[in-house]
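# Understanding the architecture of this molecule
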Amino acid sequence: MSVVLTVAPTGPIATKADNPTLPTQPHEIAEAVHDAYRAGAAVAHLHFRDAGDRPTADLEIALLTMDLIRDRCPILIQLSTGVGLDVPFSEREALVELRPRMATLNPCSMSFGTGEFRNPPKDVARLAARMRELGVKPELEIYDTGHLEACLRMRDAGLLDDEPMQFSIVLGVRGGMAASPDNLLTLVRRLPPDCIWQVIAIGSSNLPLTAMGVALGGNVRAGLEDALYLRKGELSSGNQPLVERAVRVARALDRPIASVEETEAILRLPKPLSTNAYSSP
Ligand code: KMH
Ligand code: ZN
């Protein structure tokens, strides 16, 4: 089965001080995404920054970046609704009104490094329902076994479709499960049948756990959101080396890389809605 490759060029935490090649402004993000598309990425997971490089859910910045990407390539856009730890949920959830093909849904609140990632149950349920209305497929980010149970409860309550559910097993965030093979296997064993999943391994375990995920039949995510270094002591000189490494891992394990069209079929993405209230002319 082909492997879906997602590029995550810019996360919520790292800055250009951590890695000067981190793309933060719309043109920089669009260029990084286009390069990743040419290397095989079918999905772009996006966070945005304001002019001061702080995480933002500003709809103008989001729309400009999405337009710049669409001008360059047909990669499938997945907006982060996690955005950044200090951005209010009401601003984060408004991003789905831009009707990306996918968006993250973080099911639970948690400690996140030295901060707090606030995802109150009522807000999460409202966002899940809105995504369903708009035909925006959720990418369910689970950082612990209880987060998986929360998603399954939302499915049972009719807030999430199981056609198929799409999970990201996030390992290595301080406050979530540690990045260990054992924890990955625990989560994979508990996933519902026929779901789609990928590993998001943060930091130094990124490579071995990504390889393990591919070997177990999962999809792949690569980029500076998850790993700033290629290996100990060697900063990645951009997103591209990480994306190319993920491609090599998949190929070495005889998993072809899915095209955009194949990815739409694998994820059974709802058809895009042609217009939205924020469309640029
Ligand atoms: N960097 C991830 C571990 C989201 O995109 O919705 C957390 C995150 C969530 O950024
Ligand atoms: Zn993210």
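Up top is the structure.
Residues numbered from 1 in each chain as written. Chains lettered and ligands numbered in written order. Predicted model: local features only at pLDDT ≥ 70, side-chain atom pairs only at ≥ 80, totals over all residues. Heavy atoms only, no water.

What follows covers the side chain of Asn19. When you line up the elements, Asn19 lands in the loop between strand S1 (5-7) and helix H1 (26-39). The class for Asn19 is buried, based on a relative accessible area of 1%. Separated by 2.6 Å, the side chains of Asn19 and Thr21 make a polar contact. Reaching out from Asn19, the side chain makes a polar contact with the backbone oxygen of Ser236 at a distance of 2.9 Å. With near-sequence residues (within four places) excluded, Asn19 lies in contact with Leu224, Leu228, Leu235 and Ser236. (Helix = DSSP H or I, 4+ residues; strand = E, 2+ residues; numbered from the N terminus. Buried < 20%, exposed > 50% of the residue type's maximum accessible area, 1.4 Å probe, protein only. Polar contact = N/O pair within 3.5 Å; in protein donor to acceptor, adjacent residues only side chain to side chain. Contact = heavy atoms within 4.5 Å.)

With that settled, the discussion passes to the sheet that holds strand S12 (residues 219-222). In space, the 8 strands of this closed barrel follow the order S1-S2-S5-S6-S9-S10-S11-S12, with parallel pairing throughout. Within this sheet the neighbouring strands show an average axis-to-axis angle of 25 degrees, counted without direction. Inspection of the sheet shows strand S6 (residues 102-105) paired to strand S9 (residues 137-142) by 4 bridges, in the parallel sense. Residue pairing in the sheet places Leu105 in a bridge with Leu140 of S9. Contacting S9, strand S10 (166-171) and strand S11 (196-201), helix H6 (residues 181-190) crosses the sheet at an angle of about 160 degrees to S10. (Pairing = 2+ DSSP bridges. Axes fitted to C-alpha atoms, helices over the stretch in contact; angles between N-to-C directions.)

So, about the pairing of S12. Burial of the side chains of S12 extends over both faces: Asn219 and Arg221 are buried on one face and Val220 and Ala222 on the other. Here S1 pairs with S12 via 3 bridges, running parallel. Each bridged residue has a counterpart across the sheet, and for Leu5 the counterpart in S12 is Val220. Sheet analysis places S11 next to S12, joined by 2 bridges and oriented parallel. Pairing of Val199 across the sheet is with Val220, part of S12. Taken together, S11, helix H7 (residues 206-215) and S12 form a β-α-β motif whose crossover is right-handed. (Right-handed = clockwise from strand over helix to strand, strands pointing away.)

It is worth spelling out the pattern of salt bridges at this point. What the rule picks out here adds up to 19 salt bridges. Across the pair Glu116 and Arg118 runs a salt bridge whose closest N-O atoms are separated by 3.6 Å. On the accessibility criterion, Glu116 (49% relative accessible area) is partly exposed. Since its relative accessible area comes to 41%, Arg118 is described here as partly exposed. Glu234 serves as the salt-bridge partner of Arg231, at 2.8 Å between the closest nitrogen and oxygen. A relative accessible area of 33% means that Glu234 is categorised as partly exposed. One connected set of salt bridges, linked through shared partners, spans Glu141, Arg221, Glu225 and Asp226. (Salt bridge = Lys/Arg side-chain N within 4 Å of Asp/Glu carboxyl O.)

By the definition in use, this model includes 3 aromatic pairs. On the numbers, 5.5 Å between centres and 75 degrees between planes, the contact of Phe112 with Phe117 is edge-to-face. Taking the centre distance of 6.2 Å and the plane angle of 70 degrees together, the rings of Phe112 and Tyr143 count as edge-to-face. Placement of Phe112 in strand S7 (residues 110-112) and of Tyr143 in the loop between S9 and helix H5 (145-156) is noted, with a sequence separation of 31 residues between them. (Phe/Tyr/Trp six-rings, centres within 6.5 Å; stacked < 30°, edge-to-face > 60°.)

This brings us to the coordination of the zinc ion (ligand 2). Protein ligation of the zinc ion (ligand 2) involves His45 (NE2), His47 (NE2) and Glu225 (OE), the donor distances falling in the range 2.1 Å. Each donor residue of the zinc ion (ligand 2) belongs to the same chain, and together they define the spacing H-x1-H-x177-E. With a gap of 180 residues between them, His45 in strand S2 (residues 43-46) and Glu225 in the loop between S12 and strand S13 (229-231) connect regions that are remote in the sequence. No difference in accessibility class separates His45 from Glu225, as the two residues are buried. (Donors = N, O, S within 2.8 Å, 3.2 Å for Na, K, Ca; no water.)

This brings us to the environment of Gly203. For Gly203, the location among the structural elements is in the loop between S11 and H7. Here Gly203 falls in the partly exposed class, since its relative accessible area comes to 33%. Residues Gly203 and Glu225, spaced 22 residues apart in sequence, show a C-alpha to C-alpha distance of 9.3 Å. Dropping the residues within four chain positions of it, Gly203 is found in contact with Asp226 and Ala227.

This part takes up the site of ligand 1. With respect to spatial proximity, 13 residues lie near ligand 1, and among them His47, Ser80, Thr104, Asn106 and Glu225 are the closest. Taking 300 Å² as the accessible area of ligand 1 by itself, protein coverage stands at 97%. Considering only residue class, the shell around ligand 1 consists of 5 nonpolar, 6 polar and 2 charged. (Near = heavy atom within 4 Å. Areas by Shrake-Rupley, 256 points an atom, 1.4 Å probe, with all protein chains shown as cover. Nonpolar A, V, L, I, M, F, W, Y, C, P; charged D, E, K, R; others polar.)

Turning next to helix H2 (residues 59-72). Here H2 is 14 residues long and its end C-alpha atoms lie 20 Å apart, about the 20 Å a rise of 1.5 Å per residue gives. Lining the buried residues of H2 we find H1, S2, strand S3 (48-49), strand S5 (76-79) and helix H3 (89-94). Two or three places before Glu60, at the start of H2, stands the capping residue Asp58, its side-chain oxygen 2.9 Å from that residue's backbone nitrogen. (Expected span 1.5 Å × (residues − 1).)

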